[in-house]
Amino acid sequence: MNKRSVSAVLLLLMPLLLLSACVGLIVSADKPLRHQAAIEGEPDMLARCAMRALSADSRPSMRLYHYKLQIYPDIPAAQIFAYDTRFLPYIYSSNSPQNPDGIRDYIGSPEILRGVREVEEARYGYGFVLTITQTDHASSHAAVKGDPFVSGIAWNYLLACAAASNRL
């Protein structure tokens, strides 16, 4: 092999390696903890309220996510996963959020997981995971990890839900 062919191979190989490394970072399951605090309210009620607020958010950056609510009555805890629809296996052009004519049908009923003793990990590339665990009869511990922008929005919705439940 001459120098020219070696440099051509390296020139083709380097962008491929860089691209694969970037994709690995995007879909990585390990994302840092962004916020955590003790809040007033039950996990189920707080998660449902935050889920309604997230589903109603019309910002394009938030419309890219498929929100999945899981409730663990035996622990008691609740989780909201914000899966990035660009990396989900069941998103097609007909239901893609990037298609203005697409049918957006991502918000389903909560998944109630009975008999589960620990919260699940994310299965796909995600924007954030919001976990709310009950600590006593009136308060819970909430934590969100993920992307700083979207996890900050989810955290603010959760705090607004906790404040609204305290006023009742």
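Owing to the predicted nature of the structure, the values given are computational and were not obtained by experimental measurement.

Caption draft 1: Region of the structure containing the overall build of the protein chain. The number of helices and strands found in the protein chain is four helices and six strands. Sequence-ordered secondary structure for the protein chain, helices as α and strands as β, is α-β-α-α-β-β-β-β-β-α. Classification of the 168 residues of the protein chain by burial places 35% in the buried group. Counting only contacts in the protein chain whose residues sit at least 6 apart along the sequence, the fraction spanning at least 24 positions is 65%. For the protein chain, the exposed area adds up to about 10,000 Å²; of that, 60% sits on carbon and sulfur atoms.

Caption draft 2: Main features of the pairing of strand β5 (residues 126–134). The buried fraction of β5 amounts to seven of the nine residues, a majority that puts the element mostly inside the structure. Sheet topology note: the strand β3 (residues 77–84)/β5 ladder contains seven bridges and is antiparallel. In the strand pairing of β5, Ala82 is matched with Phe128. In terms of strand pairing, β5 meets strand β6 (residues 139–146) through seven bridges, oriented antiparallel.

Caption draft 3: Geometry of helix α2 (residues 43–56). Counted at 1.5 Å a residue, the expected span for α2 with its 14 residues is 20 Å, and the 20 Å between its end C-alpha atoms agrees. Every buried residue of α2 is accounted for by Pro43, Leu46, Ala47, Ala50, Met51 and Leu54. Projected down its long axis, α2 shows its buried positions confined to an angular sector of 135 degrees, all on one face. Across α2 from its buried face, at more than 90 degrees, point the exposed residues Arg52 and Ala56.

Caption draft 4: Expanded view of the environment of Ile39. Along the chain, the position of Ile39 falls in strand β1 (residues 33–40). Spatially, the C-alpha atom of Ile39 lies 9.9 Å from that of Asn166, the residues being 127 residues apart in sequence. Ignoring sequence-local partners within four residues, the contact set of Ile39 consists of Leu46, Ser139, Ser140, Ala142, Leu158, Leu159 and Ala162.

Caption draft 5: Up close: the side chain of Ser140. Within the secondary structure, Ser140 sits in strand β6. Among the residues examined, Ser140 registers a relative accessible area of 1% and is labelled buried. For Ser140, the side chain forms a polar contact with the main-chain oxygen of Gly41, separated by 2.6 Å. Not counting residues up to four positions away in its chain, the partners in contact with Ser140 are Ala37, Ala38, Ile39, Gly41, Glu42, Pro43, Ile132, Thr133, Gln134 and Thr135.

Caption draft 6: Structural detail: the nonpolar core. Within the largest apolar cluster, 27 residues are counted, with the highest numbers of intra-cluster contacts made by Tyr67, Ile80, Phe128, Leu130 and Leu158. Listed by contribution, the elements that provide at least two residues to this core are α2, β2 (65–72), β3, β5, β6 and α4 (148–167). If one sorts the elements of this core by residue count, α4 sits on top with seven residues. With near-sequence residues (within four places) excluded, Leu130 lies in contact with Ala50, Ala78, Gln79, Ile80, Ala143, Val144, Trp155 and Leu158. Phe81, Tyr83, Tyr126 and Val129 belong to the second largest nonpolar core, which has five residues in total.

Conventions adopted
Residues numbered from 1 in each chain as written. Predicted model: local features only at pLDDT ≥ 70, side-chain atom pairs only at ≥ 80, totals over all residues. Heavy atoms only, no water. Helix = DSSP H or I, 4+ residues; strand = E, 2+ residues; numbered from the N terminus. Buried < 20%, exposed > 50% of the residue type's maximum accessible area, 1.4 Å probe, protein only. Contact = heavy atoms within 4.5 Å. Areas by Shrake-Rupley, 256 points an atom, 1.4 Å probe, with all protein chains shown as cover. Pairing = 2+ DSSP bridges. Expected span 1.5 Å × (residues − 1). Arc of directions from axis to C-beta. Polar contact = N/O pair within 3.5 Å; in protein donor to acceptor, adjacent residues only side chain to side chain. Core = buried A, V, L, I, M, F, W, Y, C linked by side-chain atoms within 4.5 Å.

These results come straight from atomic positions and should not be treated as a statement about function.
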